[in-house]
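# A closer look at the structure
Residue-level listing of the chains:
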Amino acid sequence: EGISEFYQVTPVGGYAYLIARVGLPMVWAILATILVTIAFGISGLSASVVLCSAIISTLMGMVFAMMIVSMAANRVEGLALSKLTGISLLGLVAVWAIPVPYSYFVAFLPSFWVGKIIVEGAKLFHFAFPLVICFTWMAVFIRRFTTQIT
């Protein structure tokens with residue numbers, strides 16, 4: 001359907017478009033998660049665990065969004081890719097289901113580190129490593145997206 005061709009005619013282009021369409025909702029998601037957790041007390045987790053897992057989960061959502069728009073050529077492919085993103089959530093389950101030395105085989109998934117933060121607390125490595133993973137994936141998909149629309 002050539003959806004990526006329509007991005008070329010938007011008044012804002014390139015990185016400014018990505019900030020407006022992906023970056024601002026990402027900031028809102030982090031703020032909403034923190035506000036709802038504090039206001040309603042729906043979690044027994046510490047504030048640092050909630051903050052770290054909210055940031056990583058939001059970045060993971062951005063990675064998924066960028067993957068879909070950079071790889072899907074039409075709506076059908078986009079729908080298929082969005083369903084495949086659910087597989088990446090298996091990293092969260094791996095923390096509890098797979099013994100420790102073997103569970104690190106899925107450490108390239110940011111969801112694995114969200115589980116680690118929930119189980120072991122907000123340690124620096126458990127927060128910094130998934131940030132590197134998320135930013136690496138984002139760089140790959142943003143580069144692919146920007147070359148697609150130019």
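Our subject is the structure listed above.
Structural notes, computed from the coordinates.

Cut-off values and rules
- Residues numbered from 1 in each chain as written.
- Predicted model: local features only at pLDDT ≥ 70, side-chain atom pairs only at ≥ 80, totals over all residues.
- Heavy atoms only, no water.
- Helix = DSSP H or I, 4+ residues; strand = E, 2+ residues; numbered from the N terminus.
- Buried < 20%, exposed > 50% of the residue type's maximum accessible area, 1.4 Å probe, protein only.
- Areas by Shrake-Rupley, 256 points an atom, 1.4 Å probe, with all protein chains shown as cover.
- Phe/Tyr/Trp six-rings, centres within 6.5 Å; stacked < 30°, edge-to-face > 60°.
- Contact = heavy atoms within 4.5 Å.
- Core = buried A, V, L, I, M, F, W, Y, C linked by side-chain atoms within 4.5 Å.

A few words on the overall build of the protein chain. Each helix and strand counted, the protein chain has 8 helices and 0 strands in total. Each helix and strand of the protein chain, placed in order from N terminus to C terminus, yields the pattern α-α-α-α-α-α-α-α. The buried share of the protein chain, reckoned over its 150 residues, is 36%. Here the protein chain has roughly 9,000 Å² of accessible surface; of this, 74% comes from carbon and sulfur atoms.

A few words now on the packing of aromatic side chains. Using the criterion set out here, one finds 7 aromatic pairs in the structure. Relative to Phe112, the ring of Tyr104 lies with its centre 5.4 Å away and its plane at 65°, an arrangement referred to as edge-to-face. When its relative accessible area of 37% is taken as the criterion, Tyr104 is described as partly exposed. The structure contains a cluster of three or more aromatic residues connected by ring pairs, namely Tyr104, Phe112, Trp113, Phe125 and Phe129.

A word on helix α7 (residues 110–120). For α7, the buried fraction is high: 8 of the 11 residues fall into the buried class. For α7, the full list of buried residues reads Pro110, Ser111, Phe112, Trp113, Val114, Gly115, Lys116 and Ile117. Summarising the contacts, the buried residues of α7 are in contact with α3 (47–71), α5 (90–97), α6 (100–103) and α8 (124–149). Note on α7: the residue one or two positions beyond its end, Gly121, has a positive phi of about 100°.

Turning our eyes to something else, we now look at the nonpolar core. Leu59, Met62, Met66, Met138 and Ile142 are the most contacted members of the largest nonpolar core, which totals 21 residues. Breaking this core down by element, the ones donating at least two residues are α2 (14–40), α3, α7 and α8. Excluding residues that lie within four positions of it along the chain, Met138 makes contacts with Leu59, Met62 and Val63. In terms of nonpolar packing, the next biggest core, distinct from the first, is built from 6 residues, Ala94, Val95, Ala107 and Trp113 among them.

Glancing now at the environment of Ala139. Structurally, Ala139 can be placed in helix α8. Judged by its relative accessible area of 38%, Ala139 falls in the partly exposed class.

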